[in-house]
Structures are given as C-alpha cells and as structure tokens.
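Reading the structure
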Amino acid sequence: MSLSNRNKQIQQLLTIFTVLLFIITSTAKASNIDSLASHLTLDQKIGQLIFGITNNYNKSLKNLGRENQLGALLFDEYCQPSLHTYFKNLNQLPNKLPVLLGVYNQKGIKCFDKKYQYLPDNYNLGAIKSNAFAFNSYKGIADACRHHQIDFYVAESLSINPEKDNSYGFGEDGGNTLSKNHAAVKGLNQLGVQAGTSLRYLKNIGDYTFREINILKGLVRDSIQYIYPTDILFEAPIFDTSVTTFLKDSLQYNGVIVTGNLSAGNNAAVTVENAINALTSGHDMIALSGFYQEVIDGIKVAIKKGTLTEEDINTKVNKVLYLKKKAHLEEVEEQHTDYIAIANETFEKSVTILHNLDSIIPLSSLNQKDYQVISIGLKGTQDDFSDMMHKFIDYDYHRIENSSFSTAQVNLLLESCENKDLVIINIVCHQNSSKHRFGVSYATEQLIEQLQEKTKVIVALHGKPAGLKYLSDSRNTIINYSTEKEAQEATAQLIAGTISANATLPVQISSKYKIHQGDKLKSIGRLGYASPAFVGLDQKVLHHLVDSIALNAIEMEATPGCQVVIAKDGKIVFEKAYGYFTYEKEKPVTNETIYDIASITKVASTTQAMMMLDYHDSVNVNQHLKYYLPETDTTNKANIRLIQFLTHTAPLRGGYYFWGHVYDKETKKYDPTYISAYKKKGFNVEITPNLYATDSIKDCMWKWLLDAPISTRRRYTKDVYRYWYSDLGYYFLQRTIEKITQQPINEFMESHVYQPLGTRTLGYLPLKRGIKSSMIPPTEMDINYRQSLMKGIVHDPSAGLMGGVGGHAGVFSNAHDLAILMQMNLQKGYYSGHQYFDEATLNKYNRQPYKRFKNRRGLGWDKPPLRGDEGNTSPLAPKSTFGHTGFTGTCAWVDPDNNIVYIFLSNRVYPTARNNKLAKENIRENIQGAIYEAMIDDSK
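A short tour of the structure in this document, coming up. (Residues numbered from 1 in each chain as written. Predicted model: local features only at pLDDT ≥ 70, side-chain atom pairs only at ≥ 80, totals over all residues. Heavy atoms only, no water.)

Tracing the backbone shows Asn825 in helix H27 (residues 815–826). A relative accessible area of 0% places Asn825 in the buried class. In contact with Asn825, not counting residues within four places along its chain, are Gln608, Met611, Phe837, Leu842, Trp861 and Phe882. For Asn825, the side chain forms a polar contact with the side chain of Gln608, separated by 3.2 Å. (Helix = DSSP H or I, 4+ residues; strand = E, 2+ residues; numbered from the N terminus. Buried < 20%, exposed > 50% of the residue type's maximum accessible area, 1.4 Å probe, protein only. Contact = heavy atoms within 4.5 Å. Polar contact = N/O pair within 3.5 Å; in protein donor to acceptor, adjacent residues only side chain to side chain.)

If you want it as structure tokens, here you go:
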C-alpha cells in the first residue's frame with residue numbers, strides 16, 4: 001500500500017471516529033437534559049420560560065443560571081463579554097440545564113468578539129439576484145455563533161415588515177424577500193444555529209398586510225424558532241391572542257413566541273402583570289431585563305389562583321427543553337469561515353449603479369486626468385474608499401468629518417474643484433434616521449448640484465438607501481448599502497473598472513430611484529484587490545510562507561529589501577514590502593518603492609512591442625533582419641531571423657562589452673571622443689549626473705555591434721544555433737521596433753502601453769519622468785565603468801552607455817505596476833477596455849519552438865525548466881507559465897493555468913553583484929512555490 005493511500009485510510013478512520021464520538025456525546029447531553037428536566041421544581045420550570053435580556057441585572061441572571069431557572073439569554077451590542085464567558089462555561093457543567101444563548105444581529109457577536117468581521121446583510125443581500133450570497137453570509141454568521149457556543153441568532157434582517165426610517169430587511173419585493181429569508185435560515189440551520197426574528201407589533205392579526213402574512217408563512221415553513229414583537233413606546237410589547245393563535249393554529253408554528261422586554265420602563269408590579277397576561281395570551285417565553293424573581297413568584301401566585309395552570313407551564317417548558325436538546329444534537333464542527341472573502345465577494349456583487357448619465361463609470365483613464373475626491377461624514381473613521389481609490393488614481397483630497405458642513409466650506413470646495421476633470425464624492429451615512437436625512441445634508445445636496453454645473457461628478461453613497469431621496473439631482477450615482485470597509489472598497493473598485501455591476505435597488509425610494517433599478521456594467525479588466533481566500537488561497541499559509549522566505553532572505557543578506565505581489569483571478573491578494581533600501585537600514589521599502597527590473601525589460605518592453613506590432617501585421621518574426629534594417633545587408637547579421645534573437649538561438653556572443661571602446665580599465669580613463677565629465681555641446685546623452693556620452697553614441701554602438709564577429713557555437717539547422725543567453729539580440733530587436741514605429745522604444749512603450757494601462761511607475765528613465773530619487777533603492781556601486789553608485793540610473797552598463805534606454809534593460813517599476821502589465825498578458829492582451837494584442841499572438845510568443853533542441857525559451861518569454869535544466873521557476877509552476885527574471889534580483893511570472901501573476905523585485909546587487917545568495921538559495925522560486933502550497937484543495 002502506498003503512503004498516500006495509507007494516509008487517506010487513516011484520515012477516513014479518524015473522521016468516522018470523530019462522527020461517532022460526536023453522536024455519543026450529543027446523545028448523552030440530550031439524555032442529561034431529559035434527566036435534569038424530570039426533577040425540575042415549579043420555580044425552575046417557570047424559570048425556563050424567562051428569556052433574559054442582558055442589562056444591569058447580570059448578577060441576578062448568573063444566579064438564575066446556576067439554579068436552573070433560566071431558559072434563554074440574548075446578547076446585544078451592549079452586552080458584557082464576561083457574562084457570555086460565564087454562561088459558556090456554565091453550559092459545560094453536567095449538573096446544570098444549559099441556557100439557550102443567543103445574539104441579536106451581528107452587533108451581538110461583535111460585543112464579545114472585537115475581531116469579528118461583519119458580513120453583508122439587509123439591502124446588500126437584497127440587491128443581489130442570487131440567493132447564494134444570503135446563504136453564505138448567514139452560514140458565516142452561524143460559524144461565528146458556533147465558535148462562541150451561541151445557539152440561536154435573532155436577525156432583524158429576516159424582516160417581514162417595513163420598520164421605522166424605511167428599513168425593509170432584504171427589501172420590498174415579496175418574492176425576493178421570501179427567497180432571501182429561505183437562504184438565510186438555511187445557512188444558519190446548516191451549522192445547527194436556530195433562527196429568530198421580530199414581528200411588527202400590531203393589535204390584531206387583521207392589521208397585518210398580505211405581504212407580511214405571506215412572508216411570515218415563508219419563515220414558518222423555513223422552521224424559524226423564535227418570534228417576538230418589535231419594541232413600541234408606552235405599551236407592553238405583547239401579541240394579541242389573535243396573533244399567537246394564528247401562528248400556532250393556522251400556520252402550525254412550533255417554535256417559541258417571545259414577548260418584548262417587559263421590564264423596560266416598568267416597575268416590578270406592572271412587569272409581573274404583563275408577564276402573566278403574555279402567558280395567558282399564548283406567549284411561550286417572557287423577555288426580561290430585570291425583576292426575575294418577582295415574575296417567578298407572581299406566576300406561582302397566578303397558578304394558585306387558577307389564572308394559569310401548571311399544565312400550561314409544562315407545555316411551554318417542553319417547547320424550551322426541545323430547543324435545548326435540539327441545540328446540542330445539532331452541534332457541528334466549526335467551518336473556519338474566511339469572513340473577509342465572503343465580505344469581499346458579496347459587497348462587490350451588491351454595488352449598484354443607479355445613474356451613469358455622463359458615461360464616466362468606470363473611469364476611462366487612470367493617469368491622464370485631474371481628479372478630486374471628497375469624503376463626507378467619516379466621523380473619525382478610516383477613509384477606506386479614498387484609500388482604495390488611491391491604488392488606481394492620484395487625486396487632490398478633502399475630508400469632512402460630519403455629514404453637515406457650512407456654506408463657506410461649500411464655496412471653498414467649489415473653488416478648489418473648478419478646474420478638475422472629475423470630482424468623486426464619497427458620502428458615508430452613519431446616520432440612520434430621517435431626522436438627520438440619513439447622512440445626506442443640505443450642504444452635501446447643494447455641493448453636488450453646484451459642482452455639476454462646473455464639472456463631471458460621481459456620487460458614491462454608503463449606508464441606507466433612504467438617503468437617496470436627497471440626491472435627486474445627482475447625474476452619476478452609485479450605492480453600496482453598508483459603511484463597512486469592504487463595501488467602500490468595492491465601490492472604489494467598480495469606479496476603477498475592476499469589477500462588474502449587476503445589482504438592483506431592493507426598495508422604492510422616489511420616482512428617480514425605483515425598486516429594481518440598476519445599470520449593468522462589465523468590468524474592463526483592470527487588476528483589482530481581494531483577500532487570498534476569495535480566490536481559493538489559504539491566507540495563513542500564504543502569509544506565513546512568503547513572510548518567512550522573504551525575511552530569511554533579508555536576514556542572510558541575500559538582498560537588503562524586496563517587494564512581493566501575488567495576483568490570482570484578476571485580484572491582487574498579496575502585496576507586501578520587506579526590509580530596507582540598503583543594509584544600513586536607513587529607509588524602509590514600501591509598496592511604492594521603484595526598482596530597476598533589469599532583464600525583465602526584455603518582456604516588459606521589447607516583447608510587448610513585438611507582440612503589438614505582430615498583432616497589427618507590422619512585423620514578422622520569421623523575417624530576416626535585413627528586411628527591416630537594410631543597413632545590415634552586407635554584415636554577418638543580415639540573415640538572422642528575428643525569432644532567433646527572441647529565442648537566444650542567433651549566433652551572437654553572450655556578452656559584448658561596448659565600454660571597451662570608450663574606457664580603458666587599466667588607466668581608468670574615458671576616451672574624450674565619446675565621453676565627457678560634464679554636459680556640453682555634442683555631449684547630451686546622460687550616463688550619470690557626472691558622465692555624458694556623445695550624441696552619436698547609439699550609432700557608434702550600433703556600428704561596433706555590426707562589426708563584431710558571430711559565434712561559432714553548435715548549429716542545429718541553417719538558422720538555429722545552440723541556445724546561448726545573450727542581451728545582444730535585443731539591440732537588434734530594439735532597432736527594428738524603433739525603425740517600424742519611428743519612435744524611440746521608451747516613447748513608444750510609454751504612449752502605447754504604460755500610460756493606457758494606468759501605471760504610474762512603469763517605464764524607462766524614472767528621474768526624467770519626475771520620479772524622485774528617494775523612491776528608488778540603489779543597485780550597485782559601479783567601480784568598473786561609471787565610478788558611481790547606481791540610484792535611479794539603469795544598472796546595466798551597456799544600457800547606461802546608451803542613455804538608459806535599451807531593449808534588454810532600462811525599465812523601472814514597482815511590483816504593483818509590473819503586475820498590471822503581466823495581468824494584461826494573462827488576459828491575452830486585453831486590459832482597461834483596450835486590446836493590445838490577441839490570444840493567437842500571445843500563444844505564438846509563449847510557445848517553445850526549439851524545445852527539441854533543449855531550449856526552454858519562448859519568443860522573448862522565459863519558461864519553466866526542461867528536464868535536466870535548472871530554470872528559474874518553482875517545480876510546482878505548470879509548464880504553461882511564462883515570464884522572466886532580472887539580474888538585479890527580480891522576476892515576473894504568469895501562470896495561465898491557475899490565473900496567477902507573481903512579481904518579486906529587489907536590489908540584491910547592492911552593494912555588489914558578486915552577492916548571489918538570492919539565486920543560490922532559490923528565494924524567488926521558493927516564494928513562487930508558496931503560492932501553490934497555499935492553494936486550497938476543494939476536493940478534500
């Protein structure tokens with residue numbers, strides 16, 4: 001038997017053992033409840049009907065629990081975590097009847113679990129057509145309940161009526177509400193958590209609408225277990241007999257009917273009277289936040305008087321005991337839900353575009369317009385919306401803490417936004433009442449109206465949709481129905497074009513904002529953000545492995561610092577910076593740090609240009625060099641085909657040191673014919689700030705290259721020589737591209753690729769593009785040629801001699817922007833709504849034409865190793881992977897099988913390129929391998 005099969009059998013046996021142990025334990029607990037129940041005194045039986053509300057009588061609640069005189073306990077947002085811990089421990093004791101523990105909405109969970117991640121609810125779920133999201137959210141809530149040993153969950157969202165301030169649970173559409181309720185209750189029940197809801201308090205069953213009755217029927221069919229009335233001022237929240245009779249007789253409801261809190265605002269005598277009235281009118285449990293003993297004593301007196309019978313009490317107690325046994329019999333294993341993944345996906349799906357009259361959603365350009373972002377109503381919270389927007393665009397920013405602000409501020413904003421191409425207004429509605437206009441103030445309304453007369457405006461509302469009634473003049477309106485971080489981030493990503501929009505408004509607000517209203521919008525393929533679990537990666541495994549490998553690399557001084565970006569399924573799921581610019585640890589690396597990507601330039605520039613030209617039939621890789629560059633016709637390079645340069649099969653030397661023509665290593669002197677220590681007439685090509693080359697240096701280098709001898713390596717065919725990695729082929733390719741495009745390659749790539757992609761750091765000559773030197777770590781102290789530290793200046797000496805622009809080196813970038821370029825290639829040439837090339841072109845360049853000659857290379861692209869080849873990828877990377885590495889300690893890989901982009905950037909050559917630990921220890925490869933180790937196997 002193989003080891004893997006043996007392990008599988010062991011795992012199966014362990015699973016069977018766990019299930020049997022669970023059945024035995026659960027049965028024992030249920031039997032223990034029956035045994036304890038058979039010996040209950042009358043006081044204890046009455047106590048089982050008490051539905052405790054945590055308040056200032058926590059000591060009394062503890063006493064009731066110890067004495068088996070408490071049926072259930074509900075925790076809300078004002079609970080005391082210590083009380084939850086007390087009852088959780090009490091329920092483990094064998095001689096105590098367990099107390100049913102419940103929470104009121106997700107705020108109840110948050111009360112004793114500060115790290116709890118709120119999951120989408122209410123309108124967010126109602127806005128999405130699919131019911132799967134309601135199921136997943138509530139299953140996630142159930143998992144959190146199980147983790148904290150909570151037996152039931154009271155969800156206001158399972159609303160069957162319009163409540164105050166236009167709050168409708170999942171929405172106004174009856175069919176949608178029924179299906180969302182069903183999915184939500186199913187999600188709770190799947191993990192053994194009982195469901196409860198509130199019912200609008202009305203005098204008589206005839207006062208309820210047909211819609212309310214219909215939805216109530218659906219909830220009963222879904223086996224909801226707890227129903228209680230909503231709070232009402234100046235009246236005891238007790239259902240009329242007509243309501244309780246309808247529930248039990250007409251709907252065959254077999255759960256418990258609970259009163260509202262009878263202690264609130266009442267004295268002991270009134271509370272006791274109301275409790276007795278509630279039990280006689282058909283309620284099963286009495287919600288109390290105080291006067292517990294007085295109620296127990298009062299009910300005993302009522303039994304003596306004959307107002308109530310002990311048989312009535314026993315019937316109600318049996319219902320409560322059934323729920324207690326059911327809670328223990330339905331205990332299931334925790335699911336370890338990734339709450340952020342559920343939140344990410346659901347908030348993305350619920351973003352609703354209500355108007356896009358100016359057709360400006362999504363943004364057509366990320367870096368060619370002047371933007372302003374204004375966030376209103378933050379109330380001291382983090383501005384998650386603007387933080388996410390900053391990942392896509394640069395903008396001027398204005399933050400307003402309160403929902404209301406002065407006319408002077410309005411005028412100031414109007415003045416500052418006057419010349420902006422677009423203003424994005426983020427309204428965070430923490431206000432939940434009509435009194436405060438749901439967070440949309442008169443000032444906000446005025447600002448939007450007047451701004452739209454000057455420029456384009458997008459309004460993003462986060463909170464209850466009732467605030468929309470004050471945005472009737474907004475031309476471009478988006479709503480996400482929550483103020484949660486993930487909701488605001490999802491809205492920003494929609495504006496940036498990374499996600500699609502399919503949601504619709506679940507309620508009727510006005511004639512401008514109607515139920516079911518919502519524009520459909522397709523993503524334009526920009527790279528977005530999500531959690532690892534969103535794309536099927538184990539976040540703990542991924543972070544642990546990547547962190548440990550990267551930090552170990554820095555500790556062993558394989559590199560002073562690095563950046564790692566991992567994207568899967570169109571989402572960046574890992575973006576992190578490590579270490580410092582140098583070993584002196586003076587400046588830490590951030591995600592904005594810009595690195596010299598070295599030979600990744602071959603695929604980030606030259607190969608991209610070749611694929612674009614090929615796509616437009618402007619170049620043919622099988623054509624001879626002389627066809628494009630007639631001046632090569634009389635040289636030994638004339639009949640080399642372009643494909644040979646791309647696959648490193650041309651008869652070229654591995655390296656050709658142009659500096660030998662301009663610099664004497666022995667005397668350490670520069671030839672004044674070519675090099676000057678300062679900028680002067682005829683010497684304008686900047687090598688370093690203290691070194692300039694003649695304006696004709698590129699032509700000189702071209703002549704030296706054409707005059708150079710060819711290699712005498714082994715030849716497989718007339719055209720194909722043995723694979724030999726060489727930068728020299730990219731000089732010929734660069735010259736060809738520049739001849740066809742009539743542009744320097746840096747200018748062509750900037751205008752045709754880097755700018756349209758929306759990148760901010762990717763490109764040649766960073767210092768000349770306005771990037772500060774302080775953003776760029778140094779590479780090597782070049783003591784061989786340039787006699788200075790390379791910082792913001794291309795590391796490659798030959799590219800440096802050309803002024804920093806080469807087909808093989810010269811591009812700088814941060815990991816984020818390089819990931820965007822690689823994502824475009826993963827998407828077969830499509831990005832930001834633009835087709836740079838097509839799938840056929842990518843496949844043509846990603847193939848391995850000379851694999852039979854033990855050459856792993858594609859056309860420009862590097863590939864995983866062949867058998868017996870060392871290669872540059874993890875052994876776990878599939879054969880379809882393509883990308884490249886760079887001499888400075890960089891790599892960029894695309895895995896089309898798993899939709900993965902992986903970027904690693906560093907300056908391992910600082911202070912000297914002799915440090916080769918990064919390669920020897922397989923740091924880049926090991927981090928790539930960590931991605932595959934973190935993949936969640938859904939088959940398990």
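What follows continues from the structure just given.
Turning our attention to the sheet that holds strand E2 (residues 72–75). If you trace the eight strands once around the closed barrel, you get E1-E2-E3-E4-E5-E6-E7-E8, paired in parallel fashion. Geometrically, the sheet is characterised by an average inter-axis angle of 25° between neighbouring strands, direction not taken into account. Here three bridges tie strand E4 (residues 152–154) to strand E5 (residues 194–199), and the two strands are oriented parallel to one another. Bridge pairing in E5 places Val154 opposite Gly196. (Pairing = 2+ DSSP bridges. Axes fitted to C-alpha atoms, helices over the stretch in contact; angles between N-to-C directions.)

Along the polypeptide, Ala530 turns up in the loop between strand E15 (528–529) and helix H19 (539–555). Since its relative accessible area comes to 14%, Ala530 is described here as buried. For the pair Ala530 and Glu489, spaced 41 residues apart in sequence, the C-alpha to C-alpha distance is 9.6 Å. Residues in contact with Ala530, not counting those within four places in the same chain, are Asn344, Lys571, Ile572 and Val573.

A word on a nonpolar patch on the surface. Taken together, the side chains of Met781, Ile783 and Leu789 define a hydrophobic patch exposed on the protein surface, amounting to about 250 Å² of accessible area. When you line up the elements, Ile783 lands in the loop between strand E25 (781–782) and strand E26 (788–789). Judged by relative accessible area, Ile783 falls into the exposed class, the value being 53%. (Patch = residues over 30% accessible without salt bridge, like charges linked within 9 Å, V, L, I, M, F, W, Y side chains within 5 Å. Areas by Shrake-Rupley, 256 points an atom, 1.4 Å probe, with all protein chains shown as cover. Salt bridge = Lys/Arg side-chain N within 4 Å of Asp/Glu carboxyl O.)

Turning next to the sheet that holds strand E23 (residues 691–693). Pairing in this open sheet of three strands is antiparallel, and the strands run E21-E23-E22 from one edge to the other. Lying at the two open borders of the sheet, with one neighbouring strand each, are strand E21 (675–676) and strand E22 (685–688). Bridge count for E21 against E23 is two bridges, and the pairing is antiparallel. Its bridge partner being in E23, Ile675 is matched across the sheet by Ala693.

On to the state of the cysteines, then. A full pass over the atoms with the stated rule returns one disulfide. Across the disulfide, Cys79 is cross-linked to Cys111 (sulfur-sulfur distance 2.1 Å). For the disulfide bridge between Cys79 and Cys111, the dihedral angle about the S-S bond is near -120°, and by the sign convention the bridge is left-handed. You can see Cys79 sitting in the loop between E2 and helix H4 (81–90) and its partner Cys111 sitting in helix H5 (residues 105–112), a full 32 residues away along the chain. Note on accessibility: Cys79 and Cys111 belong to one class, buried. Here Cys429 is not cross-linked by a disulfide; its sulfur's nearest cysteine counterpart is in Cys417, at 19 Å. The exposure class assigned to Cys429 is buried, which follows from its relative accessible area of 3%. For the unlinked cysteine Cys562, the closest cysteine sulfur is that of Cys891, found at 10 Å. By relative accessible area, which is 0% here, Cys562 ends up buried. (Disulfide = S-S within 2.5 Å.)

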